[in-house]
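Residue-level structure breakdown
Below, each chain spelled out in residue letters.
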Amino acid sequence: MSSDRCRALLGWYGDNARQLPWRETTLPYHIWVSEVMLQQTQVKTVLPRYLEWFELFPTVEALASVSTDDVLKAWEGLGYYRRARFIHKAAQMITSDFAGRFPNDFDDIMKLPGIGRSTAGAISSFCFGTATPVLDGNVKRVLKRWHAKPEANDKTLWLLAQKAINDSADPATWNQAMMELGASACSAKSPKCGECPTHENCLSAFRVEVSKEIRKKVEVLDVHWRVHLHTCPKKGIWLTQRPDSGIWGGLWSPPISELADQPDEQPTHTHQLTHRRLHLYPLQSESEPNGEGRWVPSIEGYALPTGIHRLLEKVI
């Protein structure tokens, strides 16, 4: 059964794979950046940013040499800015500990900041041909459905993923095919079993009950923020840098204070994050700003959160 499934999936992938720039290279730096960008961001959003990234930072050494602010600015709009900080720290570690060459040993890849077992598996298989599986959300779903194990934990899924990639004889293509299948025919909300190349070897084929599949419920909290706008025709706008930890860590914005209660007024802008819904209430201030910050004649060159960009577009 496993050999039939392997042949069917790899053949299907050969005919249906999307043409994506990171699939046309085995350069570790390029694969690494693409994998981190794609962790929690849609392909359509990543595509233009991936190409721009290497225009700004053509090598690991170039990335390691710039400031964190430069990296955050380049990441602007991709969200989850912690990933950009990890990439920057990892680039510096590669430069200092590996003479500027991306490590080819799996354990060394795992030592880099921001790289877990699944991301390391992807990089190692795509660049070095190792039989190291990927276990992202799409692959987990495919494996659970193949084996009719909707409650399988990660330990079980890693074992199933390792057996499957061992049987594939083509680890790099296998990982890509598994992710592609989970993103298309075996999607979370609308599985199309009739279009799936592996339905003859899937214990859940044509019997998937999406409503009964276990998913972690994401609790979203409403947060109300007052955004204090200090603007001056001669000086520009006053910006402060957010703390490294917490929401929008390390990014620049006008001063923000959290409101204990929801105001009677409607928010000017609401920005959705995974675990927070940010309601933004701007307040134009005539007083001189206090605390650390700086007047900037233009926000160009400063990494601002998308939510603040949207707010400023509405009020300035």
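Residues numbered from 1 in each chain as written. Predicted model: local features only at pLDDT ≥ 70, side-chain atom pairs only at ≥ 80, totals over all residues. Heavy atoms only, no water.

1. Observations regarding the overall build of the chain
Where we set the bar: Only DSSP runs of H or I with at least four residues qualify as helices, and only runs of E with at least two residues qualify as strands; both kinds are numbered from the N terminus onward. Throughout this description, buried means an accessible area under 20% of the type-specific maximum (1.4 Å probe, protein chains only), exposed means over 50%, and partly exposed covers the range between. Whether two residues are in contact is decided by their heavy atoms, any of which lying within 4.5 Å being enough. Surface accessibility in these figures is a Shrake-Rupley result with a 1.4 Å probe; residues are shielded only by whichever protein chains are displayed.
When its secondary structure is counted, the chain shows twelve helices and eight strands. When the backbone C-alpha atoms are referred to their principal axes, the chain occupies close to 75 × 50 × 30 Å. Counting the 316 residues in the chain, one finds 45% classified as buried. Considering only contacts within the chain whose residues lie at least 6 apart along the sequence, 65% involve residues at least 24 apart. As presented, the chain carries roughly 16,600 Å² of accessible surface, and 50% of it is formed by carbon and sulfur atoms.

2. Looking at the state of the cysteines
Every disulfide links exactly two cysteines, by a covalent bond between their sulfur atoms. The condition is simple: In plain terms, two cysteine sulfur atoms within 2.5 Å form what is called a disulfide here.
Counted under the stated rule, the structure contains zero disulfides. We note that Cys186 lacks a disulfide partner, and the nearest cysteine sulfur, in Cys196, lies 6.0 Å from it. Cys193 supplies the cysteine sulfur nearest to Cys202, a cysteine that is in no disulfide, at a spacing of 6.4 Å. Cys202 sits in the buried class, given a relative accessible area of 16%.

3. Focus on the domain arrangement of the chain
Our working rule: The source of the domain bounds is an automatic or database domain assignment. Two parts placed together each lose some accessible area under a 1.4 Å probe, and the buried area is that loss summed for both. Take a side-chain nitrogen of Lys or Arg and a carboxyl oxygen of Asp or Glu: if they are within 4 Å of each other, that pair is a salt bridge. Under the rule applied, a polar contact is a pair of N or O atoms within 3.5 Å (in protein, one hydrogen donor and one hydrogen acceptor; residues adjacent in sequence only if both atoms are side-chain atoms). Throughout, the ten residues Ala, Val, Leu, Ile, Met, Phe, Trp, Tyr, Cys and Pro are labelled nonpolar, Asp, Glu, Lys and Arg are labelled charged, and all others, Gly among them, are labelled polar.
Examined at the domain level, the chain breaks down into domain 1 (2-211) and domain 2 (221-315). Relative to domain 2, the C-alpha centre of domain 1 lies at a distance of 34 Å. In this complex, domain 1 contributes eight residues to the contact, which on the side of domain 2 involves 15 residues. Interface of domain 1 and domain 2: buried area, both sides summed, is about 830 Å²; carbon and sulfur atoms make up 42% of it. Of all residues in domain 1, Lys73, Tyr81 and Arg85 give up the largest surface area on contact with domain 2, accounting jointly for 49% of the area buried on that side. Taken together, the links from domain 1 to domain 2 amount to one salt bridge. Note that Arg85 and Asp244 form a salt bridge whose closest N and O atoms lie 3.0 Å from each other. At the boundary of domain 1 with domain 2, the tally comes to six residue pairs in polar contact (both at pLDDT 80 or more). Grouping the amino acids of the side of domain 1 that touches domain 2 by side-chain chemistry returns three nonpolar, one polar and four charged.

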